[in-house]
Amino acid sequence: MAFIVYFFFIIAIFSFGLYDNIYSFALAICALCIFLLLYALIRKERVIFPVFLFPIPFFYLFPLFFHVETTQGTIDQTIVWISCIAFITLFLFTENKQDVITWMSWTVIVATYVILARMISFPDFILSVSQEVSGLGKRLSGFFQYPNAFASLLGSLLLFHLGYAVKEKKQTVSLLHRCAILPLWTLFLLTESRGAWVIFFLVWLFSFYVVPKHQHFMYTTLSVFSFIGGTIIYALMTINGDIHFSFFAACMLIFFILLIWMWEKKGVDTKFPTVRSLHTFPSSLFTIAILLIADLYFKGLIYRMLPVTLQRRLSFDMGTLTERILYWQDAWKEWESFIWTGLGGKAWKIIMYRVQSFPYLSSELHNSYLNLIVEIGVIGTLYVLFLIFYASQNLWKQRAIELVPFIFLILHAVIEFTFSFPVLIMLTIMLAISGMNKSHAFKFTSIQTTFSFFIFTMCIILCFLFIKAEQTFAAIQYASTKEEARALTIKAMKQNKWNTTYVLFAVENKLLSVKEEQHALENALTYEPNHSLLLFYAGKNAEKQRNIEQAAIYYEQSLATDRFDINKYTFLIDFYLKRAEEGKLDKIHLWREKAKKIEKQMEKLQQQGKKERWNDQRNFLK
């Protein structure tokens, strides 16, 4: 069972990272769970299931009874959470839970260094970015194609290994943990995620209250040694202005690991003194941290000893944090519409265009908890926070090492969209369960068992239908004629009526008649009523049918749901002026006034943008 859990976690990294293929993963893991539960029931064995996670998928489905921004996104998020429940069910069946996390961690480490050594290639593993958000100009984005999310994974694994490096009694397993710290720290630096670095340091200080005080000397020494050694390897890997695991860097990594092995062999651990107070190391290190921050701010001795790329990245520029705060403020503009039940899964990807205060492109809120409020409302979010509090309390009572990486993931979610990556949701729950006693597991009654079969079966059916539709849609690229492409598109639309991508493809490639197009767009708008592009094409369709009044309504709604699309402004102004030229005398003035109003609105926003010096990511001011 441990190997199956390990296998699915590694597959999940690819399914939810590179390919975002939730359906195949969810179908496979839910089917496996059904067989496992049947096998356990036939043998009359005890069944353990994470029933505390059951309400979350239903919090996502509940907004469907009121209003959702995207039906497909809501169902997709429900599938994600059901697949997480299935994964955690398998995890609960494993005995050595910490070992499973250790295997996963080492797989991530080895695979990452193999790719950085350029033995194999992986798309967007390293992102080229501007010097504003990177000291090197390149950031390690890893298997998620996003540096901050990969930093969340690496930081949590780093803290996990740090804790077990001093707690583990078995010498071989302890050595595995100690050897993992140094390469993980190097990768953590390569992500250049300043928010993750700050949270990591704060949680590392907190970890001294979890690690027994008689191990504080060893814990500090091991940490500092790994941090310094990892930073040296980082400098060697970036010395040529690129990220490359060179032969010299590999030799240095092996040298440091040999030192750790010698440390373990000679039993240096037993020679460390024991501190009397639990607060000695945290308070001392906090004081040192204040001095270090002052040194970095005033560019002192330690600052000058760092690699140049780290010097550039360790600036005190707060631009990215300021942008995040603006995202959060924008989200609260719509609070009345989502405060209780939410607007369904992936709602922010739709509403961001109508509420954004400046033309940004980020389709994520960079705050997992605020995103939860938008999607499942305050009621659902309070339940999630209750689970977090409950897990934290139990882990703290037992002084479980897993509490430290768990807290890191929970805190990093405040400034990042950590929970948008199902792998990180799984890891967070795995850490919580791994550190708890068996008494906190939940036994299944017959009613709960039946309920689990129901949600897994529902997930399998939905995934099967969606996969069929995706396969049909993918076959369009091999169509030899337009009629064949049209037939396949219509078939995909029938197989999954909630996926508006198929409708947009059909409209953009003119595969439907005017009446068919109208019906398809109206149907799509019932599932995504505020989709700006769907509204725009609905306006074009109405215009084709000479329904000018209805076309104007659609165009205005399209602009209202995407207020920083310069092309929509110019198009709507031209549309109104054209209607003024062609229209009746009694409506010429009306059309011209509408054109002037839109033009003034556009000019006002452009003047505001130039005055406030917006970060114009959508070229609205040009």
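Residues numbered from 1 in each chain as written. Predicted model: local features only at pLDDT ≥ 70, side-chain atom pairs only at ≥ 80, totals over all residues. Heavy atoms only, no water.

Chemist: Mind showing me how you'd approach the pattern of salt bridges here?
Modeler: Opposite charge on two side chains makes pairing possible when the charged atoms of those side chains draw close. Tallied over the entire structure, the rule returns 13 salt bridges. One salt bridge connects Arg 118 with Asp 242, and the closest N-O pair in it is separated by 2.7 Å. Residue Arg 118 is found in the loop between helix H5 (97–116) and strand E1 (126–128), and its partner Asp 242 is found in the loop between helix H9 (216–237) and helix H10 (247–265); the two are separated by 124 residues along the sequence. Given a relative accessible area of 26%, Asp 242 falls into the partly exposed group. Two residues, Glu 556 and Lys 594, come together in a salt bridge whose shortest N-O distance is 3.6 Å. With a gap of 38 residues between them, Glu 556 in helix H25 (residues 548–560) and Lys 594 in helix H27 (residues 585–612) connect regions that are remote in the sequence. (Salt bridge = Lys/Arg side-chain N within 4 Å of Asp/Glu carboxyl O. Helix = DSSP H or I, 4+ residues; strand = E, 2+ residues; numbered from the N terminus. Buried < 20%, exposed > 50% of the residue type's maximum accessible area, 1.4 Å probe, protein only.)

Chemist: Honestly, the nonpolar core in this entry has me stumped. Any pointers?
Modeler: What tends to happen in soluble globular proteins is that the nonpolar side chains get buried as a cluster. Within the largest apolar cluster, 208 residues are counted, with the highest numbers of intra-cluster contacts made by Phe 9, Ile 79, Phe 87, Phe 188, Phe 200, Trp 204 and Phe 456. Every residue in contact with Phe 87, bar those within four places of it in the chain, is listed here: Val 5, Phe 8, Phe 9, Ile 29, Met 104, Met 426 and Met 430. (Core = buried A, V, L, I, M, F, W, Y, C linked by side-chain atoms within 4.5 Å. Contact = heavy atoms within 4.5 Å.)

Chemist: I'm lost on empty space enclosed by the protein in this one. Help?
Modeler: Once rolled over the atoms, a probe with the size of a water molecule shows which space is left empty. All chains considered together, the criterion is met by two cavities of 30 Å³ or more. Looking at the largest cavity, its volume works out to about 40 Å³. Forming the boundary of the largest cavity are Phe 9, Met 104, Ser 105, Val 108, Leu 153, Leu 157 and Leu 427. Elements supplying a minimum of two residues to the lining of the largest cavity: H5 and helix H6 (147–167). Among the elements that line the lining of the largest cavity, the one with the most residues is H5, at three residues. In this structure, the second largest cavity encloses a volume near 30 Å³. Lining the second largest cavity we find Phe 536, Tyr 555, Ser 558, Leu 559, Lys 568, Phe 571 and Leu 572. Elements with a contribution of two residues or more to the lining of the second largest cavity: H25 and helix H26 (566–582). Split by residue class, the lining of the second largest cavity holds five nonpolar, one polar and one charged. (1 Å grid on protein atoms, 1.4 Å probe; cavity = no way out; pocket = protein on both sides within 12 Å on 5 of 7 lines; lining within 4 Å. Points joined across faces, edges and corners; volume = space filled by probe spheres on them. Nonpolar A, V, L, I, M, F, W, Y, C, P; charged D, E, K, R; others polar.)

Chemist: Could you clarify how one ought to interpret the packing of H6 against helix H7 (residues 171–190) in this entry?
Modeler: The packing of two helices is summarised by the inter-axis angle and the distance between the axes. For the pair H6 and H7, the least separation of the axes is 8 Å and the interaxial angle reads 150°. Compared by their axis directions, H6 and H7 come out roughly antiparallel. In this structure, the crossing between H6 and H7 has a hand that is left-handed. For the pair formed by H6 and H7, the contact residues are Ala 151, Leu 154, Gly 155, Leu 157, Leu 158, Phe 160, His 161, Leu 162, Tyr 164 and Ala 165 on the first element and Ser 174, His 177, Arg 178, Ala 180, Ile 181, Leu 184, Trp 185, Leu 187 and Phe 188 on the second. Here the contact of H6 with H7 is built from residues that sort into 14 nonpolar, four polar and one charged. (Axes fitted to C-alpha atoms, helices over the stretch in contact; angles between N-to-C directions. Parallel < 35°, antiparallel > 145°, perpendicular 65-115°, else oblique. Left-handed = near helix turned anticlockwise from the far one by under 90°.)

Chemist: Would you explain unusual backbone geometry in this entry?
Modeler: Glycine aside, residues mostly have negative phi, and peptide bonds are mostly found in the trans state. At Asp 124, a residue that is not glycine, the phi angle is positive and equals roughly 55°. One can find Asp 124 in the loop between H5 and E1. For Asp 124, a relative accessible area of 47% gives the class partly exposed. Non-glycine residue Arg 546 carries a positive phi angle of around 60°. Within the secondary structure, Arg 546 is located in the loop between helix H24 (532–544) and H25. For Arg 546, a relative accessible area of 56% puts it in the exposed group.

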